[in-house]
Amino acid sequence: MIIGIPKEIKNNENRIGMIPAGVNALVREGHKVMVQKDGGLGSGIADQEYVKAGAEIVGKAADVWERAEMIIKVKEPLPEEFEFITPEHTLFTYFHFAADRRLTEAMIKSGAVCVTYETIERDDGSLPLLTPMSEVAGRMAIQEGAKYLEKPMMGRGILLAGVPGVEPAEVLVLGGGVVGTSAAKMAAGLGAKVYILDINLDRLRYLNDIMPPNVVTLYSNAYTIQEKAKSCDLLVGAVLSTGAKAPVLVPESLIKQMKPGSVIVDVAVDQGGCVETCRPTTHAQPTFIVHDVVHYCVANMPGAVGRTSTYALSNATMPYAVELANKGHRRAALDNKEIARGINVIGGKVTHEGVAAAFNLEYTSIFELLA
Ligand SMILES: NC(=O)c1ccc[n+]([C@@H]2O[C@H](COP(=O)([O-])OP(=O)(O)OC[C@H]3O[C@@H](n4cnc5c(N)ncnc54)[C@H](O)[C@@H]3O)[C@@H](O)[C@H]2O)c1
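Peer 1: Mind showing me how you'd approach the overall build of the chain here?
Peer 2: Looking only at helices and strands, one finds 14 helices and 15 strands in the chain. Counting only C-alpha atoms, the chain reaches 65 × 45 × 35 Å along its principal axes. In the chain, buried positions account for 48% of the 371 residues. Here the analysis covers contacts within the chain between residues at least 6 apart in sequence; of these, 64% occur between residues at least 24 apart.

In structure tokens form, the structure reads like this:
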């Protein structure tokens, strides 16, 4: 199969769809891989590394799209890319269709096979191609939170770790999933006093077992959130109700009672945010202040650490990319239900119930379609 890896064109997107090791794995299986010139630069990967791995470097995006049968990307295609997409293409990337009607309609019209990272799903419900980015965002939440707690960044002027004789900062993590666990681990490692809240008691039991003693697990409810939000220095929003908008757990009235200069990092902003005063920001202007509380609400946090994120994502996507390339989308989906669940749009039909429901479109079962 001929595989194309175009340069990402979304604002501040430094990732690329595949690392040289992944390219090499595909080449070893007998596939031809084209990488767009300078596509890896944002992740610190030079063209030469791709050449060494067996790729051909191609100058223009249009040529990558025209010659490739499968395209591996990071972000959804943007309108500038729509014209390149044909029914012969298999696209393997994040799409987040339910949040974007224009994209959904364009992909239906294109006739392409759209295999989305975000709905590749194991039998236990876990989402292996979302997890690595949540691990990155959770860790970053503490790094960014620590930075914005500094006085020149408008924070309280508090060091997360404290020093001998001075108390460490208090960190409140709402949600104990992948983001929340990564954040709590980082904050605890730095020496902060950490509270992690979840509504899933089994999850709290697990966290209680594995976390160091400076992490306290608490059942999440309005009362506890209110108590802990008032005393914390850094609040991390990390909740998710699968497929739905994030619940608002921190109302504006509570923000008013938080300490001046405290910091909120609402990682759940991509699902609407769990803090009432949250609105999406960008890496160019990541923060704003409401009621003296610093809000960091960047919707694509992993984009800022392109190199780490590219490697983390590519490690997870690689086996699926090889299976898709070796077998073609039909055989791969029939053999591997995880891949079948990833196909949201194919040949003009919508094969994901959530996407069909979001825009009132006809739903077709992928298994009936491929049978
Ligand atoms: N901003 C970014 O760049 C970025 C990057 C990665 C992930 N995210 C987002 O971060 C959020 C969390 O992702 P995740 O991978 O950790 O999800 P996850 O499913 O692993 O964890 C979510 C946790 O929230 C808990 N939860 C649900 N309702 C709750 C409530 N009322 N109180 C306390 N806990 C509650 C769940 O029980 C679960 O343990 C998602 O919205 C995801 O899209 C954002």
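Peer 1: What is the right way to look at the site of the ligand in this model?
Peer 2: The local shell around the ligand holds 32 residues, among which Ser 134, Gly 175, Gly 177, Val 179 and Ser 220 are the closest. In terms of residue class, the shell around the ligand is built from 19 nonpolar, ten polar and three charged.

Peer 1: Teacher, can you tell me more about the nonpolar core here?
Peer 2: Burial of nonpolar side chains together is a common tendency in soluble globular proteins. Counting 113 residues, the largest nonpolar core has Cys 114, Val 171, Val 173, Leu 174, Ala 183, Val 236 and Val 267 as the members making the most contacts within it. In terms of residue count, the dominant contributor to this core is helix α6 (residues 131-148) (eight residues). Counting only domains with at least three residues in this core, you end up with domain 1 (2-112 + 306-370) and domain 2 (131-299). Residues within four places of Val 267 in sequence aside, it is in contact with Ala 137, Gly 138, Ala 141, Val 179, Val 236, Gly 237, Ala 238 and Met 301.

Peer 1: Quick question: what am I supposed to make of the packing of helix α1 (residues 20-28) against helix α11 (residues 306-335) here?
Peer 2: Each pair of packed helices gets described by two things: the angle between the helix axes and the distance between those axes. Remark: α1 packs on α11, axes separated minimally by 10 Å, with the N-to-C direction vectors making an angle of 20°. Taken together, α1 and α11 sit at an angle that is classed as roughly parallel. In this structure, α1 crosses over α11, and the sense of that crossing is right-handed. Judged by residue contacts, Gly 22, Ala 25 and Leu 26 of α1 engage Ser 314, Met 318, Ala 321, Val 322 and Ala 325 from α11. Of the residues in the contact of α1 with α11, the class split is six nonpolar, two polar and no charged.

Peer 1: Honestly, the sheet that holds strand β9 (residues 215-219) in this entry has me stumped. Any pointers?
Peer 2: In any sheet, the strands associate via hydrogen bonds between backbone groups, in a parallel or an antiparallel arrangement. The seven strands lie next to each other as β9-β8-β7-β10-β11-β13-β12, forming an open sheet whose pairing is mixed. Each edge of the sheet is formed by a strand with only one pairing partner; in this case those strands are β9 and β12 (287-290). Taken over all neighbouring pairs, the strand axes of this sheet differ in orientation by 20° on average, direction set aside. In the packing of α6 onto the sheet, the strands contacted are β10 (234-237), β11 (263-266), β12 and β13 (293-296), and the crossing angle to β11 comes to about 155°. Along the sheet, helix α9 (residues 222-231) contacts β7 (170-174), β8 (193-198), β9 and β10; its crossing angle with β7, the most-contacted strand, is approximately 145°.

Peer 1: Where do I start with the sheet that holds strand β5 (residues 90-93) in this structure?
Peer 2: Within the open sheet, the eight strands sit side by side as β3-β2-β1-β4-β5-β6-β14-β15. Their pairing is mixed. Both edges of this open sheet fall to β3 (56-58) and β15 (349-350), since each of them pairs with a single strand only.

Peer 1: Explain the packing of α6 against α11 here, please?
Peer 2: At a closest axis distance of 8 Å, the pairing of α6 and α11 adopts a crossing angle of 155°. As judged from the angle between their axes, α6 and α11 are roughly antiparallel. Regarding α6 and α11, the two cross each other, and that crossing is right-handed. Side by side, α6 and α11 meet where Pro 132, Met 133, Glu 135 and Val 136 of the first sit next to Thr 308, Ser 309, Ala 312, Leu 313 and Ala 316 of the second. Along the lines of polarity and charge, the residues of the contact of α6 with α11 split into six nonpolar, two polar and one charged.

Peer 1: Help me understand the pairing of β8, please; the structure alone is not making it clear to me.
Peer 2: As a general feature of sheets, a regular strand has side chains that alternate between the two faces. For β8, the buried fraction is high: six of the six residues fall into the buried class. A two-sided burial pattern is seen for β8, the buried positions comprising Lys 193, Tyr 195 and Leu 197 on one face and Val 194, Ile 196 and Asp 198 on the other. Between the parallel elements β7 and β8, the chain passes through helix α7 (residues 178-190) in a crossover that is right-handed. You can see the chain leave β8, run along helix α8 (residues 201-210) and come back into β9, and the turn it takes is right-handed.

Peer 1: Which parts of the structure should I look at to understand the environment of Ala 106?
Peer 2: Following the sequence through the fold, Ala 106 ends up in helix α5 (residues 101-110). Put simply, Ala 106 and Leu 204 are 98 residues apart on the chain and 42 Å apart in space, counted from C-alpha to C-alpha.

Peer 1: Can you walk me through α7 in this structure?
Peer 2: Residues three or four positions apart in an α-helix share a direction because the helix packs 3.6 residues into each turn. Given a rise of 1.5 Å per residue, 13 residues ought to cover 18 Å, and the 19 Å separating the end C-alpha atoms of α7 matches this to within 8%. Burial of α7 is extensive: ten of the 13 residues sit out of reach of the surface. Turning to α7, its buried residues number three or more, namely Val 178, Val 179, Gly 180, Thr 181, Ser 182, Ala 183, Ala 184, Lys 185, Met 186 and Ala 187. Buried positions along α7 lie against α6, β7, β8, α8, β9 and β10.

Rules of the game
- Residues numbered from 1 in each chain as written.
- Predicted model: local features only at pLDDT ≥ 70, side-chain atom pairs only at ≥ 80, totals over all residues.
- Helix = DSSP H or I, 4+ residues; strand = E, 2+ residues; numbered from the N terminus.
- Buried ≥ 20, exposed ≤ 12 C-beta atoms within 10 Å, placed from the backbone.
- Contact = placed C-beta atoms within 7 Å.
- Near = placed C-beta within 6 Å.
- Nonpolar A, V, L, I, M, F, W, Y, C, P; charged D, E, K, R; others polar.
- Core = buried A, V, L, I, M, F, W, Y, C linked by C-beta atoms within 7 Å.
- Domains from an automatic or database assignment.
- Axes fitted to C-alpha atoms, helices over the stretch in contact; angles between N-to-C directions.
- Parallel < 35°, antiparallel > 145°, perpendicular 65-115°, else oblique.
- Left-handed = near helix turned anticlockwise from the far one by under 90°.
- Pairing = 2+ DSSP bridges.
- Right-handed = clockwise from strand over helix to strand, strands pointing away.
- Expected span 1.5 Å × (residues − 1).

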